[in-house]
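Next come the chains, spelled out residue by residue.
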Amino acid sequence: MRKDTSPITKIVVPAGGIGGARFLRGLLRAAPEADITVIGNTGDDISLFGLRVCPDLDTVMYTLGGGINEEQGWGRADETFSVKEELAGYGVGPDWFGLGDRDFATHIVRTQMLDAGYPLSAVTEALCERWLGPAGDRRLRLVPMTDDRVETHVVITDSEGRRAVHFQEWWVRLRASVPAESIVAVGAEEAKPAPGVLDAIAEADAVILPPSNPVVSVGTILSVPGVRSALAEKTVVGISPIIGGAPVRGMADACLTAIGVETSARAVAAHYGPELLDGWLVDTADAADAADTPVPGTKILGTTVRARPLLMTDLAATTDIAQAALDLAADLR
């Protein structure tokens, strides 16, 4: 087959929250001329205080728009919590999910638009006008994976017995301290990709899987019917979220354990599968584990592996990682 040497000008990135958002900063610098479509995970979405909250969509939006709390990686910068304090004064919960005053405004606007009949994709586009600029003037477009309601739930057994809780309760309130017996994207099987998702994939020169949670972020996006099969037709390069046998941040290991996958760069690649993954970037600390011979071009289960430092310590390091992913994609086309 003749190698495709045309430049990569259209990129699709299925992304979760913090890791995906920070990677996108580097990708925008590494590919300054490319058009980028971000397919955002909506499985983490939850209704609180009568409002629809979309944590991953908002984290991407705030991060790329300069409004994120840089220290924690989520929520708004310069945030205050007067509304939360007043709700607590009335004894209204949940108190474990901290929405700030600035953040509340986003959820109020989103809920008003959803109640008025706008689909989530249209609402997201409207919100992005503020943070990312007019659609016609920007290179990056954020679209939800689906306009249908999909929520990730976790089955646990605790002092209240065996029950299913929303992923946010397990992740935020329980800190994943109670082992997950199973993780289910409720509603995913009946969901349809949001408008523009399949078109963006079809037109893409490359797909980059960022170092987002492979189970409840990227994995949930892949669970929407039609998305995985469409991505499998493209050149797909993934970046391992595991460094030195542990997740970079968060508790991805708890999610991997729940689905019976070892917490290693090699196991995550196998989880995605060679039918989806053409290239896989692993950290140098995981090179020996990821392949028998840790050299460029090594194959693992049919996937080409390259090893390099993967810690996103700053924007320059993140840009270099994004460039490495693009270089691998170019070599595999």
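As a starting point, this report considers the structure included with it. Only a predicted model underlies this, so the values are computations on that prediction, with no experimental measurement involved.

### Brief notes about the overall build of the chain
The number of helices and strands found in the chain is 13 helices and 15 strands. Computed over its C-alpha atoms, the radius of gyration of the chain comes to 19 Å, within 12% of the 20 Å expected for a compact globule of 333 residues. Principal-axis analysis of the C-alpha atoms gives the chain an extent of 65 × 50 × 40 Å. Split into buried and exposed, the 333 residues of the chain put 54% on the buried side. Contacts spanning at least 24 positions in sequence make up 74% of the contacts within the chain whose residues lie at least 6 apart.

### A few points about the pairing of strand S6 (residues 151–158)
The pairing of S6 with strand S8 (residues 182–186) spans 5 bridges and is antiparallel. Its bridge partner lying in S8, Glu 151 is registered against Val 186. Note that S6 and strand S7 (residues 161–166) share 6 bridges and pair antiparallel. Bridge pairing in S7 places Ile 156 opposite Arg 163.

### A closer look at the packing of helix H4 (residues 101–115) against helix H5 (residues 120–132)
Axis separation between H4 and H5 bottoms out at 10 Å; the angle between their running directions is 140°. It follows from the interaxial angle that H4 and H5 lie oblique. The interaxial crossing formed by H4 with H5 has right-handed handedness. Here Thr 106, Val 109, Arg 110, Met 113 and Leu 114 of H4 come into contact with H5, specifically with Leu 120, Val 123, Ala 126 and Leu 127. Here the contact of H4 with H5 is composed, by residue class, of 7 nonpolar, 1 polar and 1 charged.

### Let's talk about the sheet that holds S6
Pairing is antiparallel across the open sheet formed by 3 strands, whose spatial order is S7-S6-S8. Each having just a single partner strand, S7 and S8 make up the two edges of the open sheet. Here the average twist between neighbouring strands, direction ignored, is 25°.

### Things to note about the packing of aromatic side chains
Scanning all chains against the criterion turns up 7 aromatic pairs. Between Tyr 62 and Trp 131 the ring centres are 5.2 Å apart and the planes differ by 70°, which places this aromatic pair in the edge-to-face class. Of this pair, Tyr 62 sits in helix H2 (residues 55–65) while Trp 131 sits in helix H5, and the two are 69 residues apart along the sequence. Trp 131 sits in the buried class, given a relative accessible area of 14%.

### So, the pairing of strand S9 (residues 206–209)
Burial along S9 is two-sided: Ala 206 and Ile 208 and Val 207 and Leu 209, pointing in opposite directions, are all buried. Relative to strand S10 (residues 236–239), S9 runs parallel, the two sharing 3 bridges. Paired with Ile 208 across the two strands is Val 237, which belongs to S10.

### What about unusual backbone geometry?
In this structure, the amide linkage connecting Gly 93 to the following residue, Pro 94, adopts the cis form with an omega of 10°. Structurally, Pro 94 is set in the loop between helix H3 (82–89) and H4. Within the chain, Phe 49 stands out as a residue other than glycine whose phi angle is a positive 55°.

### Here's the deal with the pattern of salt bridges
Inspection of every chain in the model, using the stated rule, returns 14 salt bridges. The salt bridge partner of Arg 173 is Glu 169, with a shortest N-O separation of 2.8 Å. Linking Arg 173 with Glu 169, this pair stays in helix H6 (residues 167–173), spanning 4 residues, or about one helical turn. Judged by its relative accessible area of 35%, Arg 173 is partly exposed. Across the salt bridge formed by Asp 205 and Arg 333, the nearest N and O atoms sit 3.8 Å from each other.

### Comments concerning the nonpolar core
Counting 51 residues, the largest nonpolar core has Trp 170, Tyr 272 and Trp 280 as its most contacted members. The dominant element in this core, judged by the number of residues it contributes, is helix H11 (residues 265–272), at 5 residues. Leave out the neighbours within four places in its chain, and Trp 170 touches Val 154, Ile 156, Val 165, Arg 175, Ala 176, Val 178, Pro 179, Ala 180, Ala 254 and Cys 255. If you look at the next biggest cluster of nonpolar residues, it comprises 43 residues, including Phe 23, Leu 140, Leu 310 and Ala 325.

### Let's talk about the side chain of Glu 79
Mapped onto the secondary structure, Glu 79 falls in the loop between H2 and H3. Of the buried charged residues, Glu 79 lacks a salt bridge, with Arg 102 as the closest side chain of opposite charge at 4.6 Å. A distance of 3.1 Å separates a polar side-chain atom of Glu 79 from the backbone nitrogen of Asp 101. Reaching out from Glu 79, the side chain makes a polar contact with the backbone nitrogen of Arg 102 at a distance of 2.8 Å. Ignoring anything within four residues of it in the chain, the contact list for Glu 79 reads Gly 100, Asp 101, Arg 102 and Asp 103.

Cut-offs and rules
- Residues numbered from 1 in each chain as written.
- Predicted model: local features only at pLDDT ≥ 70, side-chain atom pairs only at ≥ 80, totals over all residues.
- Heavy atoms only, no water.
- Helix = DSSP H or I, 4+ residues; strand = E, 2+ residues; numbered from the N terminus.
- Rg over C-alpha atoms; globule rule 2.2 N^0.38 Å.
- Buried < 20%, exposed > 50% of the residue type's maximum accessible area, 1.4 Å probe, protein only.
- Contact = heavy atoms within 4.5 Å.
- Pairing = 2+ DSSP bridges.
- Axes fitted to C-alpha atoms, helices over the stretch in contact; angles between N-to-C directions.
- Parallel < 35°, antiparallel > 145°, perpendicular 65-115°, else oblique.
- Left-handed = near helix turned anticlockwise from the far one by under 90°.
- Nonpolar A, V, L, I, M, F, W, Y, C, P; charged D, E, K, R; others polar.
- Phe/Tyr/Trp six-rings, centres within 6.5 Å; stacked < 30°, edge-to-face > 60°.
- Salt bridge = Lys/Arg side-chain N within 4 Å of Asp/Glu carboxyl O.
- Core = buried A, V, L, I, M, F, W, Y, C linked by side-chain atoms within 4.5 Å.
- Lys, Arg positive; Asp, Glu negative; His and termini not counted.
- Polar contact = N/O pair within 3.5 Å; in protein donor to acceptor, adjacent residues only side chain to side chain.

Shape descriptors only; they carry no functional weight alone.
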